[in-house]
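# Coordinates in review
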Protein chains: 2
Amino acid sequence: MGLGLGDPPADYGPIAAVGLFVALMCVCIVVGHLLEENRWMNESTTALLIGLGTGTVILLASSGKHSHILVFSEDLFFIYLLPPIIFNAGFQVKKKQFFRNFMTITLFAVVGTLISFSIISLGALGLISRLNIGALELGDYLALGAIFSATDSVCTLQVLSQDETPFLYSLVFGEGVVNDATSVVLFNAIQNFDLGDLSTLKFFQFIGNFLYLFGASTLLGVATGLLSAYVIKKLYFGRHSTDREVAIMMLMAYLSYMLAELLDLSGILTVFFCGILMSHYTWHNVTESSRVTTKHAFATLSFISETFLFLYVGMDALDIEKWKIVSETYSPMKSIALSSVILALVLVARAAFVFPLSYLSNLTKKTPGEKISIRQQAIIWWSGLMRGAVSIALTYNKFAKSGHTQLPSNAIMITSTIIIVLFSTIVFGLLTKPLIRLLIPTRHLTREVSALSEPSSPKSSLEQVSADGPEADLENAVTIRRPPSLRMLLASPTRSVHHYWRKFDNAFMRPVFGGRGFVPFVPGSPTESSVPLLAPVSEN
Amino acid sequence: MGLGLGDPPADYGPIAAVGLFVALMCVCIVVGHLLEENRWMNESTTALLIGLGTGTVILLASSGKHSHILVFSEDLFFIYLLPPIIFNAGFQVKKKQFFRNFMTITLFAVVGTLISFSIISLGALGLISRLNIGALELGDYLALGAIFSATDSVCTLQVLSQDETPFLYSLVFGEGVVNDATSVVLFNAIQNFDLGDLSTLKFFQFIGNFLYLFGASTLLGVATGLLSAYVIKKLYFGRHSTDREVAIMMLMAYLSYMLAELLDLSGILTVFFCGILMSHYTWHNVTESSRVTTKHAFATLSFISETFLFLYVGMDALDIEKWKIVSETYSPMKSIALSSVILALVLVARAAFVFPLSYLSNLTKKTPGEKISIRQQAIIWWSGLMRGAVSIALTYNKFAKSGHTQLPSNAIMITSTIIIVLFSTIVFGLLTKPLIRLLIPTRHLTREVSALSEPSSPKSSLEQVSADGPEADLENAVTIRRPPSLRMLLASPTRSVHHYWRKFDNAFMRPVFGGRGFVPFVPGSPTESSVPLLAPVSEN
């Protein structure tokens with residue numbers, strides 16, 4: 001540690017690495033800001049390209065010895081980077097939209113991921129075995145299926161607008177989060193599943209276990225969220241210190257993730273539901289300043305984690321060791337062939353469930369506005385083509401554990417994953433903005449006009465933040481448009497479930513756990529007067 | 001990594017450790033909140049005791065094998081925990097008070113620390129050599145002087161109120177921060193100083209180097225702070241995203257620390273001045289929401305780091321390895337004797353500079369209100385008696401590097417430091433609240449009454465936050481009480497320096513770098529209208 005006067009240079013390692021990363025993240029933010037109105041780029045592509053560029057510079061500067069300054073560590077990814085991203089996703093999600101489309105989201109994210117997993121696994125079994133790569137077992141093919149079923153919809157979400165296309169956004173967004181959880185759970189189930197003797201009983205055990213994981217993880221997230229709401233409502237930390245409120249919200253959210261991992265559940269699902277519960281109850285129990293702070297602080301932490309992640313993946317891609325092993329054993333064509341085969345399987349597998357499941361989902365809907373149009377189906381299909389950090393982390397887990405990278409067949413799996421991640425993020429990522437502009441032409445026009453006329457008014461208005469939820473909920477606006485109760489019950493059962501849930505929420509949950517309209521009385525706080533409890537909030 | 005279904009238990013290490021720490025921090029926050037009105041306890045003592053308790057439980061559960069779940073790492077301390085604490089100190093400091101008392105603070109923190117260092121080093125040389133501990137060199141005694149000159153004034157600051165005793169608070173606070181920097185710079189200077197041939201020239205080189213470090217570190221902090229203000233003012237991130245503003249402020253502050261460490265400067269001083277500059281310029285250039293968010297998010301991060309630190313020190317104290325080595329070589333009395341000798345030296349060394357330097361400082365002041373009363377001197381003396389994490393980190397750096405802990409004389413130095421830190425933090429810490437209540441009797445009365453009548457009004461009012469600086473500056477209130485210009489110039493030269501600085505700041509700095517009253521125009525933002533530019537802000 002260089003604390004002052006001339007310590008030996010060997011000690012600079014961690015500081016130089018962290019310092020360089022921080023500097024690069026600043027560059028990413030500035031460049032991302034300058035390219036905001038650019039037609040092709042988005043922030044994740046920018047970070048990935050800057051990471052690749054820096055990796056190249058380091059590779060040249062170290063005369064081809066190494067390209068990264070931090071080794072890709074699964075722990076870093078799953079313990080520190082993923083939780084803030086997923087938590088923030090739950091915290092800022094438009095709950096109304098999310099729960100209204102809950103069935104469709106689950107259909108895509110669970111059934112769809114299982115279909116995608118089966119097709120990729122079977123396809124890999126049929127096609128990759130012909131490429132003569134080496135000894136791959138059945139477990140390896142199944143793992144490939146799970147690894148390449150984990151989508152990365154960040155690129156698309158950065159382009160779609162939650163306000164202008166709420167329905168599409170909630171589908172893509174919800175599927176993205178639940179899909180990550182499904183893939184990770186699936187991957188772990190395969191890793192721990194004895195593939196020696198397959199029987200019908202075992203298959204049902206597998207399905208049962210899978211459902212248990214989903215249910216238990218969700219419950220744990222809900223329980224932690226409610227506990228945080230109750231504790232903050234009862235103890236009322238804000239009396240003494242705003243910082244304590246913010247700190248306990250952060251720590252309890254993180255704790256829910258850690259608990260889930262310790263209990264062998266899915267931390268991703270847990271922390272996602274914890275975020276939803278916290279934004280529905282806990283957020284309304286804290287002081288005004290804590291509300292503004294948590295809303296933006298959580299978003300910032302998630303933003304920093306995401307930028308870090310893409311930089312990191314970009315830098316790690318050039319890790320020379322693995323490429324050497326691969327190039328010593330295989331021809332360059334084989335690596336490209338393998339990547340192309342997997343990428344083709346990804347394209348086919350996604351098409352194979354998005355269009356049929358959309359058709360199924362449309363059958364249950366009555367009004368045309370609720371159906372998924374063919375353009376929307378195309379966007380949903382496209383949004384799930386990118387592969388990202390989850391795929392990389394799972395590949396490392398499977399093929400790089402305890403020094404097995406020395407095995408050429410393992411090394412080529414890792415390099416192929418990197419090729420697929422880079423190709424899909426950069427090429428598909430660059431095409432996303434123009435494609436969506438083509439499919440939803442009105443959207444961009446509205447956005448650009450509003451960007452010119454009032455650049456930051458929705459962000460700078462504090463009153464707006466406190467009146468709405470952290471996700472700027474459209475709850476009341478939606479309430480008004482709702483048809484009468486009996487017709488509703490016939491038209492769509494999920495809607496009336498939502499109706500009874502609201503009754504239950506108002507009668508029992510909110511009085512106990514707090515929530516909008518049930519915050520403790522704070523003398524001098526503008527909350528009581530400024531929250532228009534039943535007045536409609538305009539959609540923009 | 002346990003991601004899902006039954007991974008082997010050996011992989012749970014990092015998750016279990018981080019999870020336990022997060023859970024304990026939640027406990028600390030809740031207990032700290034419940035004990036807020038307690039007469040004896042404060043938050044750091046609470047965290048330390050909870051850490052000690054948990055350490056004992058782990059020690060018993062592992063049948064005496066180990067007491068901590070994370071090994072004390074200097075990197076963790078200096079790279080991750082210290083920067084947010086010191087940055088927040090600079091960000092929230094009442095700049096007016098700090099700069100008004102700048103000369104006195106520098107006198108205490110630089111000259112005082114040097115006096116304390118000399119007395120402790122000489123005393124250790126004279127007394128410890130008689131205890132027959134083993135081969136200690138001159139460098140070791142000098143290092144001890146630097147290690148035990150680093151005070152930890154967190155305990156006192158938690159009890160003092162910035163609003164009720166602004167003068168005393170700024171002295172104790174300012175001394176605390178600059179003292180840390182002085183000790184660390186001193187420690188590193190000794191580590192890298194060839195003690196073989198001492199000459200007058202070398203001594204002056206040493207002094208020159210010391211002054212260079214101070215100047216360069218401060219300049220770097222100022223430069224980074226101004227750069228952040230300029231970048232944010234020019235690019236105006238808030239147009240697109242509040243998160244980017246908050247992220248870039250966080251990252252640039254951290255970058256200043258990393259840069260200072262890489263350039264062999266003092267990161268503590270750099271990040272402290274970066275915090276001051278950011279709160280004076282950058283903070284006024286961001287959107288309303290970013291202002292509230294940064295104010296509370298930085299405070300929360302600092303609060304979490306502090307709690308973590310005390311927990312960590314408490315747990316690490318029971319590290320059984322070192323205690324074993326010590327008990328095998330020395331009698332228990334020797335360990336206690338060594339700690340008592342050092343503690344006595346600390347008490348004497350602090351008294352030896354606080355009272356004479358206060359006398360000197362009082363000679364330059366004309367009005368009685370500006371002089372440091374004898375009661376205030378006693379509190380300043382007391383506030384610097386606690387030793388904390390900086391001492392521990394420096395001791396580890398000196399006596400535990402590259403496995404030297406096996407040497408009994410090194411091990412006893414570490415255990416003695418732990419004894420001193422625990423004793424001073426717990427015993428002196430518990431006495432701090434009653435002592436200050438005794439010396440400033442009116443203070444507590446006011447606080448308790450106001451705590452009962454309006455629990456959280458100053459915190460929940462958002463308008464207040466945006467009108468004041470992040471440190472809730474009393475600038476305008478002070479301006480009104482100021483005597484006319486000519487008398488002022490005669491009475492105290494620093495005040496008129498301040499006067500000319502303000503003129504320069506208004507004419508040149510603020511138009512370029514932004515700042516109160518020079519923020520870019522934000523349509524729809526309440527900033528322009530709600531900031532009472534020249535209206536006095538009441539002191540409470």
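Definitions and cut-offs
- Residues numbered from 1 in each chain as written.
- Chains lettered and ligands numbered in written order.
- Predicted model: local features only at pLDDT ≥ 70, side-chain atom pairs only at ≥ 80, totals over all residues.
- Heavy atoms only, no water.
- UniProt positions renumbered as here; feature names shortened; annotations may be inferred.
- Helix = DSSP H or I, 4+ residues; strand = E, 2+ residues; numbered from the N terminus.
- Buried < 20%, exposed > 50% of the residue type's maximum accessible area, 1.4 Å probe, protein only.
- Contact = heavy atoms within 4.5 Å.
- Core = buried A, V, L, I, M, F, W, Y, C linked by side-chain atoms within 4.5 Å.
- 1 Å grid on protein atoms, 1.4 Å probe; cavity = no way out; pocket = protein on both sides within 12 Å on 5 of 7 lines; lining within 4 Å.
- Points joined across faces, edges and corners; volume = space filled by probe spheres on them.
- Salt bridge = Lys/Arg side-chain N within 4 Å of Asp/Glu carboxyl O.
- Patch = residues over 30% accessible without salt bridge, like charges linked within 9 Å, V, L, I, M, F, W, Y side chains within 5 Å.
- Areas by Shrake-Rupley, 256 points an atom, 1.4 Å probe, with all protein chains shown as cover.
- Axes fitted to C-alpha atoms, helices over the stretch in contact; angles between N-to-C directions.
- Parallel < 35°, antiparallel > 145°, perpendicular 65-115°, else oblique.
- Left-handed = near helix turned anticlockwise from the far one by under 90°.
- Nonpolar A, V, L, I, M, F, W, Y, C, P; charged D, E, K, R; others polar.
- Phe/Tyr/Trp six-rings, centres within 6.5 Å; stacked < 30°, edge-to-face > 60°.
- Lys NZ or Arg CZ within 6 Å of the ring centre and 35° of its normal.
- Polar contact = N/O pair within 3.5 Å; in protein donor to acceptor, adjacent residues only side chain to side chain.
- Expected span 1.5 Å × (residues − 1).
- Bend = angle between axes of the 7 residues up to and from the residue.
- pLDDT = per-residue confidence, 0-100.
- Disulfide = S-S within 2.5 Å.

As annotated in an unreviewed UniProt entry, chain A carries the name Sodium/hydrogen exchanger and comes from Festuca arundinacea. According to the UniProt record, the Subcellular location (unreviewed entry) comment for chain A reads "Membrane". Taken directly from UniProt, the Sequence similarities (unreviewed entry) text for chain A runs: "Belongs to the monovalent cation:proton antiporter 1 (CPA1) transporter (TC 2.A.36) family."

### Details of the overall build of chain A
Counting its secondary structure elements, chain A contains 24 helices and zero strands. Per-residue burial for chain A yields a buried fraction of 61% across its 540 residues. Within chain A, counting contacts between residues at least 6 apart in sequence, those at least 24 apart form 83% of the total.

### What about unusual backbone geometry?
One can expect most non-glycine residues to show negative phi and most peptide bonds to be in trans. All names here are of chain A. A positive phi angle, close to 65 degrees, is found at aspartate 264, a residue other than glycine. Residue position: aspartate 264 is located in the loop between helix 10 (242–262) and helix 11 (267–285). For aspartate 264, a relative accessible area of 18% corresponds to the buried category.

### Quick word on the environment of leucine 265 of chain B
Here leucine 265 of chain B lies in the loop between helix 10 (242–262) and helix 11 (267–285). As for leucine 265 of chain B and lysine 398 of chain B, which are separated by 133 residues in sequence, their C-alpha atoms are 19 Å apart.

### Concerning the nonpolar core
Counting residues in each nonpolar core, the largest one holds 305 residues, and the members touching the most others are Ile128 and Phe272 of chain A together with Ile128 and Phe272 of chain B. For isoleucine 128 of chain A, the residues in contact, after removing those within four places along its chain, are Gly123, Ile133, Leu136, Tyr141, Leu144, Leu338, Val341 and Ile342 of chain A.

### Structural notes on empty space enclosed by the protein
Residue and element names in this part refer to chain A. Taken as a whole, this structure holds 16 cavities of 30 Å³ or more when the rule is applied. Put simply, the largest cavity is a space of about 100 Å³. Cys28, Ile29, Glu43, Ser44, Thr46, Ala47, Val154, Gln158, Phe303, Glu306, Thr307 and Phe310 together form the lining of the largest cavity. Counting residues per element, the ones that place at least two in the lining of the largest cavity are helix 1 (13–34), helix 2 (43–61), helix 7 (154–159) and helix 12 (288–316).

### So, the pattern of salt bridges
Residues and elements named next belong to chain B. Enumeration over the complete set of coordinates arrives at six salt bridges over all chains. Salt-bridge contacts for lysine 398 lead to aspartate 140; the nearest nitrogen and oxygen are separated by 3.3 Å. Separated by 258 residues along the polypeptide, lysine 398 in helix 16 (residues 389–399) and aspartate 140 in helix 6 (residues 138–147) bring together distant segments of the chain. With relative accessibility at 22%, the residue lysine 398 sits in the partly exposed group. A relative accessible area of 13% places aspartate 140 in the buried class.

### With respect to a nonpolar patch on the surface
Residue and element names in this part refer to chain A. Together, Phe203, Phe204, Ile207 and Leu211 make up a nonpolar patch on the protein surface, roughly 420 Å² of accessible area in all. Note that phenylalanine 203 resides in helix 9 (residues 200–235). Judged by relative accessible area, phenylalanine 203 falls into the partly exposed class, the value being 48%.

### Points about the packing of helix 3 (residues 74–92) of chain A against helix 10 of chain A
Packed helices, taken two at a time, are described by their axes: the angle between them and the distance between them. Residue and element names in this part refer to chain A. Where helix 3 meets helix 10, the axes come as close as 10 Å, and the angle between the chain directions of the two elements is 115 degrees. Relative to helix 10, helix 3 is oriented roughly perpendicular. At the point where helix 3 passes helix 10, the crossing takes the right-handed sense. On helix 10, the residues touching Phe78, Ile79, Tyr80, Leu82, Pro83, Phe87 and Phe91 of helix 3 are Met249, Ala253, Tyr254, Tyr257 and Met258. A per-class count over the contact of helix 3 with helix 10 returns twelve nonpolar, no polar and no charged.

### A look at the packing of aromatic side chains
Tallied over the entire structure, the rule returns 41 aromatic pairs over all chains. Ring plane angle 35 degrees and centroid distance 5.5 Å describe the contact between phenylalanine 308 of chain A and tyrosine 312 of chain A, whose orientation is recorded as tilted. Residue phenylalanine 308 of chain A and its partner tyrosine 312 of chain A are both found in helix 12; the two are separated by four residues, about one turn of the helix. Taken as a pair, phenylalanine 308 of chain A and tyrosine 312 of chain A share a single burial class, namely buried. Each ring, one from phenylalanine 98 of chain B and one from phenylalanine 102 of chain B, has its centre 5.8 Å from the other, and the planes form 70 degrees; the classification is edge-to-face. Relative accessible area serves as the criterion here: at 1%, phenylalanine 98 of chain B is assigned to the buried category. Here the aromatic residues Phe98, Phe99, Phe102, Tyr169, Phe173, Phe272 and Phe273 of chain A are joined through ring pairs into a cluster of three or more. In this arrangement the basic side chain of arginine 291 of chain A is found over the ring face of tryptophan 283 of chain A, its NZ or CZ atom lying 5.9 Å from the centre.

### Focus on the packing of helix 10 of chain B against helix 11 of chain B
Residues and elements named next belong to chain B. Close contact between helix 10 and helix 11 brings their axes to 9 Å; oriented N to C, the two are set at 155 degrees. In terms of orientation, helix 10 and helix 11 fall into the roughly antiparallel class. The hand of the helix 10/helix 11 crossing is right-handed. Contact residues: helix 10 offers Glu245, Met249, Met252, Ala253, Ser256, Tyr257, Ala260 and Glu261, while helix 11 offers Gly267, Ile268, Thr270, Val271, Cys274, Met278, Thr282, Trp283 and Asn285. Tallied by class, the residues present in the contact of helix 10 with helix 11 amount to ten nonpolar, five polar and two charged.

### A closer look at the side chain of asparagine 285 of chain B
Residues and elements named next belong to chain B. Its location among the elements puts asparagine 285 in helix 11. Asparagine 285 sits in the buried class, given a relative accessible area of 1%. Within the local environment of asparagine 285, its side chain forms a polar contact with the backbone oxygen of alanine 229, the two atoms lying 3.1 Å apart.

### Remarks on the environment of glutamate 43 of chain A
Tracing the backbone through its elements, the reader meets glutamate 43 of chain A in helix 2. A sequence separation of 14 residues divides glutamate 43 of chain A from isoleucine 29 of chain A, and the C-alpha atoms of the two residues are 8.1 Å apart. Glutamate 43 of chain A has contacts with Gly32, Gln158 and Phe303 of chain A together with Arg244 of chain B, leaving out every residue within four places of it along the chain.

### Observations regarding helix 5 (residues 102–127) of chain A
Between the first and last C-alpha of helix 5 of chain A there are 36 Å, a value that for 26 residues agrees with the 38 Å anticipated at 1.5 Å per step. The sharpest bend along helix 5 of chain A measures roughly 30 degrees and falls at glycine 112 of chain A.

### Some details on helix 15 (residues 374–383) of chain B
Looking only at helix 15 of chain B, the buried set comprises Gln377, Ile379, Ile380, Trp382 and Ser383 of chain B. Buried-residue contacts for helix 15 of chain B involve helix 5 (102–127), helix 7 (154–159), helix 8 (166–191), helix 14 (332–364) and helix 17 (408–439) of chain B.

### Observations concerning the confidence of the model for chain A
All names here are of chain A. When the pLDDT values of chain A are averaged, the result is 77; 78% of them are 70 or greater. Contacts for the low-pLDDT stretch residues 1–10, under 50 throughout, to residues beyond four places or in other chains number 37 contacts. Within the model, the stretch residues 473–484 combines pLDDT values under 50 with 28 contacts to residues more than four positions away or in other chains.

### Brief notes about the environment of valine 159 of chain B
Residue and element names in this part refer to chain B. With respect to the helices and strands, valine 159 occurs in helix 7. According to the relative accessible area criterion, valine 159 is buried, its value standing at 2%. It is 18 Å that separates the C-alpha atoms of valine 159 and threonine 300, two residues lying 141 residues apart in sequence.

### A word on the state of the cysteines
Residues and elements named next belong to chain A. One pass over the full model with this rule turns up zero disulfides over all chains. Looking at the unpaired cysteine 28, the closest cysteine sulfur is the one in cysteine 26, lying at 9.3 Å. According to the relative accessible area criterion, cysteine 28 is buried, its value standing at 5%.

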